[in-house]
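# Observations on the model geometry
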Amino acid sequence: MTIKQALISVSDKTGIIELATALQKLKVVIISTGGTAKLLQEAGISVTEASDYTGFPEMLDGRVKTLHPRIHAGILARMDLPAHRQAMEEVQIPTIDLVIINLYPFTQTIARPDCSLEEAIENIDIGGPTLIRAAAKNFERVTVVTDPQDYTALLTQMQASNGSVNAEQRFQFAQKAFSHTARYDAAISNYLTALDPAGQRKPFPDQLNLNFSLAQPLRYGENPHQQAAFYREVLDISGSLANYDQIQGKALSYNNIADTDAAWACVQTFDKPACVIVKHANPCGVAIADTLLAAYEKAFATDPVSAFGGIIALNRVVEADLAKAILNQFVEVIIAPEFTPEARLALAAKPNIRVLTVLQGTHANHYDLKRVDGGLLVQTPDNFNLAIDQLQCVTQLQPTPLQIADCLFAWRVAKFVKSNTIVFCANGQTLGIGAGQMSRVDSARIASIKAEQARLDLQGSVVASDAFFPFRDGLDVLAQAGAKVVIQPGGSIRDDEVIAAADEQGIAMLFTGIRHFRH
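All residue numbers refer to positions counted from 1 along the written sequence of the respective chain. Totals for whole chains, interfaces and linings use all residues, but because this is a predicted model, local features are given only for residues with pLDDT of at least 70 and pairs of side-chain atoms are given and counted only at 80 or more. To obtain the side-chain values, all non-hydrogen atoms of the structure were used and water was disregarded.

The condition is simple: UniProt positions are given in the numbering used here, feature names are shortened, and annotations may be inferred rather than shown by experiment.
Looking at an unreviewed UniProt entry, the protein carries the name Bifunctional purine biosynthesis protein PurH, with the source organism given as Nitrosomonas halophila. Listed in UniProt under the heading Sequence similarities (unreviewed entry), the comment for the protein reads: "Belongs to the PurH family."

The structure is reproduced here in structure tokens:
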């Protein structure tokens, strides 16, 4: 069916003059409103104002523009039904075949710290969503476009099909349109239900609406008998794993993405060249150094056995020497901001290795989510990074500046290890990591055993514990292994006993006053 009449009313005017110009060449009659109509008229495009078309003026400061039977009947009429055709002929309403709409910038408005409730309310679009939903409902006849990036596809098809759009494309546009209004309504609901009676924002809305779009199906879930897919957050994702670009390798699995996320989140917290190797959601080696190659070599040395089949995250451009070094181990995924052409060529020798790039940024999730049976746990993310002036030395022995630097490094690593967590470090390198044990003593023993297996010397090392020591036994294990400084939150009813044990064994101890459980 040839498109004869279009309604255009957009807040985001990107590309709209070019689109309207092309539509005019296709002999499409254009109806428009307000600022859009003025812009098109100034560009020399013939436009009929909505108020002239309906015979009813815009009113209530523009709140009522397109809410009129002449417009909505033109969109919603099913011309394959005789009764609809007869009704349209009786009142002499022509059809509207194309609707180009995008909405008031509500999410951008409320993102401003100084946004008032009144301003937010005025940026709730009424006519726009109504037009979109009407057109999308009637997709069997009407084409609806809500995204400026789709203008090219629309025009390409119209120009190739004598001004018409095929049924498949109309349906795809309608799917996108309903998703667009769903996101818009969700943003409004999230905002309004997060306001208390005084108009102040609460940390969490009473009604939480989440929006994600399908990025890709995955090879399988946690296990091959489970199906899985990866969904990308609809909001700004710059700097996040969801914005990855895969430049080579097999398709990603559920576990690949989960582990890569853990590695990428950790490596981005370091300013110096850093490498993080993750296996089954836990770092098994982390290091910083003057060069990326040195950081990788130190991280790999922490636990070469566990690094087999692991995920490697790097926070600098990967060059050929590092790429060749990595090829000496079996690796599932390598992720970095970029790879030089020479590095890409070297990695291409093993085409099954998944190589991902993500531009670094400051993206952080607004909420951390965890699905439970019949519900959802929601919390703010653990973005707290400890500063040196927040440390409290509670022992007779004071740590050296180098030991304090290693403590801060160890503490940052511990935040990304499953609880209970014990992390031995020295010289910007993890030496042994004990993760995910029910007993902190067991985590301490495992960390020391890991170091022994890797033939790494723990004498003089520093240790981070993600939570306090409930008894002195965990500290005794660390002392026996050779640790000389311990950084931990403090806060146990037996802190005095643990501090006394540290003094007894010549260990310096730093309290952070904050813990980093990770479940």
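## So, the overall build of the protein
Heads up, the condition is: Strands here mean DSSP runs of E at least two residues long; helices mean DSSP runs of H or I at least four residues long; both are numbered from the N terminus. Accessible area is worked out with a 1.4 Å probe on protein chains only. A residue is then buried under 20% of its type maximum, exposed over 50%, and partly exposed in between. Contacts are assigned to residue pairs with any non-hydrogen atoms lying within 4.5 Å of each other. When charges are counted, neither His nor the chain ends are considered; positive counts come from Lys and Arg and negative counts from Asp and Glu. Working definition for charges: the position is that of NZ of Lys, CZ of Arg, CG of Asp or CD of Glu.
Helix and strand counts for the protein stand at 19 helices and 21 strands. Taking all 519 residues of the protein together, 48% fall into the buried category. For the protein, restricting intrachain contacts to residue pairs at least 6 apart in sequence, the fraction spanning at least 24 positions comes to 55%. Each charge class in the protein was averaged separately, 44 positive and 54 negative side chains, and the resulting centres sit 5 Å apart.

## Let's talk about the environment of Lys65
Structurally, Lys65 can be placed in the loop between helix 3 (50-54) and helix 4 (69-76). A relative accessible area of 25% places Lys65 in the partly exposed class. Considering only alpha carbons, one finds Lys65 and Asn123, 58 residues apart in sequence, at a separation of 15 Å. Setting aside anything within four residues of it in sequence, one finds Lys65 in contact with Thr33, Ala50, Glu58 and Tyr104.

## A few points about the pairing of strand 18 (residues 429-434)
To keep it simple, the criterion reads: When DSSP locates at least two bridges between a pair of strands, those strands are taken to pair.
Of all the 6 residues making up strand 18, 6 are buried; the element is thus mostly covered by neighbouring parts of the structure. The hairpin formed by strand 17 (residues 422-426) and strand 18 contains 2 residues between the paired strands, and Asn427 there has a positive phi angle of roughly 55°.

## Details of the pattern of salt bridges
Note that side chains of opposite charge can pair when their charged atoms are close. In plain terms, the rule: The working definition used for a salt bridge is a side-chain nitrogen of Lys or Arg within 4 Å of a carboxyl oxygen of Asp or Glu.
Enumeration over the complete set of coordinates arrives at 15 salt bridges. Between Lys272 and Asp290 there is a salt bridge, with the nearest N and O atoms lying 3.5 Å from each other. With a gap of 18 residues between them, Lys272 in the loop between helix 11 (254-267) and strand 9 (274-279) and Asp290 in the loop between strand 10 (282-288) and helix 12 (292-302) connect regions that are remote in the sequence. Look at Asp290 and you get exposed, because its relative accessible area is 66%. A salt bridge links Asp442 to Arg445; the shortest N-O distance between them is 3.6 Å. With Asp442 and Arg445 both in helix 17 (residues 440-453) and 3 residues apart, the pair spans about one turn of that helix. Given the relative accessible area of 33%, Asp442 is considered partly exposed. One salt-bridge network, held together by shared partners, links Arg112, Asp114 and Glu119.

## Digging into the domain arrangement of the protein
Worth spelling out the cut-off: Each domain span listed reflects an automatic or database assignment of domains.
Each domain of the protein was delimited in the assignment, giving domain 1 (5-194), domain 2 (243-357) and domain 3 (388-511). Centre-to-centre separation of domain 1 and domain 3, based on C-alpha positions: 61 Å.

## What to know about the sheet that holds strand 2 (residues 29-32)
What counts here: Axis definition: a line fit to C-alpha positions, over the contact stretch in the case of helices; interaxial angles, taken between N-to-C directions, run 0 to 180 degrees.
The parallel open sheet is built from 5 strands, whose spatial order is 3-2-1-4-5. Edge strands, defined here as strands with exactly one partner in the open sheet, are strand 3 (48-49) and strand 5 (143-145). Here strand 4 (residues 98-102) runs beside strand 5; their pairing, made up of 3 bridges, is parallel. Within strand 5, the residue paired with Val99 across the bridge is Val144. Its contacts with the sheet put helix 9 (residues 151-160) on strand 1 (5-10), strand 4 and strand 5, and the angle it makes with strand 4 is roughly 170°.

## Regarding helix 10 (residues 167-192)
An α-helix turns once every 3.6 residues. As a result, residues three or four positions apart point the same way. Worth spelling out the cut-off: Every helix has an expected span of 1.5 Å times one less than the residues it contains. Definition of a polar contact: a pair of N or O atoms within 3.5 Å, with one able to donate and the other able to accept a hydrogen when the atoms are protein atoms, and with sequence-neighbouring residues admitted only if both atoms are side-chain atoms.
A rise of 1.5 Å per residue sets the reference length of helix 10, with its 26 residues, at 38 Å; its end C-alpha atoms lie 38 Å apart and thus fit the reference within 8%. Looking at where helix 10 begins, the residue whose side-chain oxygen comes 3.2 Å from the main-chain nitrogen of Glu168 is Asn166.

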